[in-house]
Structures are given as C-alpha cells and as structure tokens.
Amino acid sequence: DTAVSQTPKYLVTQMGNDKSIKCEQNLGHDTMYWYKQDSKKFLKIMFSYNNKELIINETVPNRFSPKSPDKAHLNLHINSLELGDSAVYFCASSQLNREEYTFGSGTRLTVV
Amino acid sequence: AQTVTQSQPEMSVQEAETVTLSCTYDTSESDYYLFWYKQPPSRQMILVIRQEAYKQQNATENRFSVNFQKAAKSFSLKISDSQLGDAAMYFCAFHDTGRRALTFGSGTRLQVQP
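Scope of this entry: the structure provided in the associated data block. (Residues numbered from 1 in each chain as written. Chains lettered and ligands numbered in written order. Predicted model: local features only at pLDDT ≥ 70, side-chain atom pairs only at ≥ 80, totals over all residues. Heavy atoms only, no water.)

### Looking at the pattern of salt bridges
Residue and element names in this part refer to chain A.
Thinking step 1. Within this structure, the stated rule accounts for 8 salt bridges over all chains.
Thinking step 2. Close ionic contact of Arg 63 with Asp 85 constitutes a salt bridge, the shortest N to O distance being 2.8 Å. Note that Arg 63 is positioned in the loop between strand 6 (53–57) and strand 7 (64–70) and Asp 85 in the loop between strand 8 (73–78) and strand 9 (87–94), a separation of 22 residues in sequence.
Thinking step 3. Exposure remark for Arg 63: the relative accessible area of 13% places this residue in the buried category.
Thinking step 4. The class for Asp 85 is buried, based on a relative accessible area of 4%. (Salt bridge = Lys/Arg side-chain N within 4 Å of Asp/Glu carboxyl O. Helix = DSSP H or I, 4+ residues; strand = E, 2+ residues; numbered from the N terminus. Buried < 20%, exposed > 50% of the residue type's maximum accessible area, 1.4 Å probe, protein only.)

Listed below in structure tokens is the structure:
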C-alpha cells in the first residue's frame, strides 16, 4: 500500500544506454513530479505533470523524456546515458489546494 | 525566481539538547508554503513540518517547531530534546501556489552526539 512507488530502486548501466524509471501513486493526486538529487545532495525539479499535461519542464537535456499515460503514473525515460546523469531521481505527487507533497523512495542511477 | 538558502552545511547537537537550523528565502509572491524535510541515510524524504505563509502562528509538530518571520523571509527549524534518530540531512523548501513546485535549499547535515 505504498503511496508513491518507484522502480527500480537501484539502476547501474553503461554510458550510451537507454533506461526508464517508473513511478506510480495511489493517492489520487492530480500532479506528479520528477526531482533530481545530485552528488552534493542538491534537489532540483525536472518536470511536473498535472492530469497528464506537462506543466514544468526545467532546463533538462532533451535526452530526458517524461511520459504520463494517466494521472497515476509518470515515467522517466533517459536516452544515451552520460556519466553526469548519475544521481538519485525522486518521483513525487501533490494535490491542488492541499499543497502537500509525497515522495517516492528514490532511484539511485549509476552510469559507468 | 525563488531561492532558498541554508547557510549551515553541518550542525551538531548533543542528545537531549536543542538545535536550530536556519533557512532564508527570496520571493516576490505573497501566497506560498514553506516546508522542512528530513532525509535520513535511507534517502526517503520525510515531511517534518509545513507552514502556510498567510498564517502568522508558527507551526509545531511535537519536538519540532518553526520560527517564521515573513518580513525577514526567514524560516528556521528548532528541534527540542534531540534524539539520535534525528540525525539526517534537513532541507528547507519553498512552494509557490502559482508554479506548484518545490524549490529546495542546499541542506544541513545534522549530527546528534550521544
């Protein structure tokens, strides 16, 4: 009964590969997000979706492509992985007018 | 654009003592929310406390309380009766209702000494 679940929790892959991280929330929230936490622990928003519509698209390489098949899912696909993509990626969700965020447990991506 | 500044990269406190973590922010918005999140080594982001900008009363959650100074754009977290389990990274975060996203500070690593 996890509220926001991400898979996989760990991902080790070689440079140049394409990989996806999946996120699902069962809270009925209308907005989902991807945040990136770098090696210095700094957290920054990458994307947000509201009811399957892209709302925020920060300055992120276009190798990163979010996809939201429905409002309960937001997946992150990364093409041509680079060493600098190594980070922890967090999925989160929130509900309008409640402004409370629930985070997934994160996916640690290591590119070798 | 909003910015959030945490000027203390690391703090240390003795068990059972009180510690205050600092946070300042910059915004031109009038309607916003402020949060403190705890991130233990498990990396889970855990909400500690939440403050709505229109409320003058400081938020309190058990041993955790904030000192919210809206005019000064300051939002500090006080942890009373510190416990070993409080050791973690603490992030201050700003949410503006228009953009609907969190902007985080750089974090403060809190150590609790037995």
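### Considerations on the side chain of A:Ser93
Residue and element names in this part refer to chain A.
Thinking step 1. Here Ser 93 shows up in strand 9.
Thinking step 2. Judged by its relative accessible area of 0%, Ser 93 is buried.
Thinking step 3. When near neighbours in sequence (up to four residues on either side) are disregarded, Ser 93 contacts Val 4, Gln 25, Leu 27, His 29, Thr 31, Met 32, Tyr 33, Glu 100, Tyr 101 and Thr 102. (Contact = heavy atoms within 4.5 Å.)

### Looking at the packing of aromatic side chains
Aromatic ring pairs are described here by two measures, namely the spacing of the ring centres and the angle between the planes.
Thinking step 1. In the structure shown here, the tally under the stated rule is 17 aromatic pairs over all chains.
Thinking step 2. When the centroid spacing of 6.3 Å and the interplanar angle of 65° are considered together, the rings of A:Phe103 and B:Phe104 count as edge-to-face. Note that A:Phe103 is positioned in strand 10 (residues 101–103) and B:Phe104 in strand 11 (residues 102–104), a pairing that runs across two chains. Of the two residues, A:Phe103 and B:Phe104, neither departs from the other in class, the shared state being buried.
Thinking step 3. Taken together, the ring pairs connect A:Tyr33, A:Tyr35, A:Phe90, A:Tyr101, A:Phe103, B:Phe35, B:Tyr37, B:Phe91 and B:Phe104 into an aromatic cluster.
Thinking step 4. A cation over a ring is seen here: B:Arg43 above A:Tyr10, with NZ or CZ 4.9 Å from the ring centre. (Phe/Tyr/Trp six-rings, centres within 6.5 Å; stacked < 30°, edge-to-face > 60°. Lys NZ or Arg CZ within 6 Å of the ring centre and 35° of its normal.)

### Here we look at the environment of A:Arg98
Thinking step 1. Note on placement: A:Arg98 falls in the loop between strand 9 and strand 10.
Thinking step 2. For the pair A:Arg98 and A:His29, spaced 69 residues apart in sequence, the C-alpha to C-alpha distance is 9.8 Å.

### Regarding the nonpolar core
Nonpolar side chains tend to gather and get buried jointly when the protein is soluble and globular.
Thinking step 1. Membership of the largest hydrophobic core comes to 25 residues, with the highest contact counts inside it found for B:Tyr25, B:Trp36, B:Phe75, B:Leu77 and B:Tyr90.
Thinking step 2. Contributing elements (two or more residues each) for this core: strand 3 (19–21), strand 5 (32–39), strand 6 (46–52), strand 8 (64–69), strand 9 (74–79), strand 10 (88–96) and strand 12 (108–113) of chain B.
Thinking step 3. Looking at this core, the element that brings in the most residues is strand 10 of chain B, giving 4 residues.
Thinking step 4. Residue contacts for B:Tyr25: discarding those within four places in its chain leaves B:Thr3, B:Val4, B:Tyr32, B:Leu34, B:Phe68, B:Gln69, B:Lys70, B:Lys73, B:Ser74, B:Phe75 and B:Phe94.
Thinking step 5. In this structure, A:Leu43, A:Tyr101, B:Phe91 and B:Phe104 belong to the second largest nonpolar core, which totals 20 residues. (Core = buried A, V, L, I, M, F, W, Y, C linked by side-chain atoms within 4.5 Å.)

### Looking at the interface of chain A and chain B
Thinking step 1. On the chain B side, the residues contacting the 29 residues of chain A number 20 residues.
Thinking step 2. Summing the contributions of chain A and of chain B, the shared interface buries around 2,000 Å²; its carbon and sulfur component is 50%.
Thinking step 3. Three residues stand out in chain A for area buried against chain B, namely A:Glu99, A:Tyr101 and A:Phe103, and they jointly supply 31% of the buried area on that side.
Thinking step 4. For the pair chain A and chain B, the number of links is 2 salt bridges. (Buried area = accessible area lost by both parts, 1.4 Å probe.)

### Things to note about the sheet that holds strand 1 (residues 4–7) of chain A
Residue and element names in this part refer to chain A.
Thinking step 1. If you trace the 4 strands from one edge of the open sheet to the other, you get 1-3-8-7, paired in antiparallel fashion. In this open sheet, the two edge strands, each paired with only one partner strand, are strand 1 and strand 7. Looking at each pair of strands side by side, their axes are set apart by 15° on average, direction ignored.
Thinking step 2. When strand 7 meets strand 8, the two strands line up antiparallel, connected through 5 bridges. Residue pairing in the sheet places Pro 66 in a bridge with Leu 76 of strand 8. (Pairing = 2+ DSSP bridges. Axes fitted to C-alpha atoms, helices over the stretch in contact; angles between N-to-C directions.)

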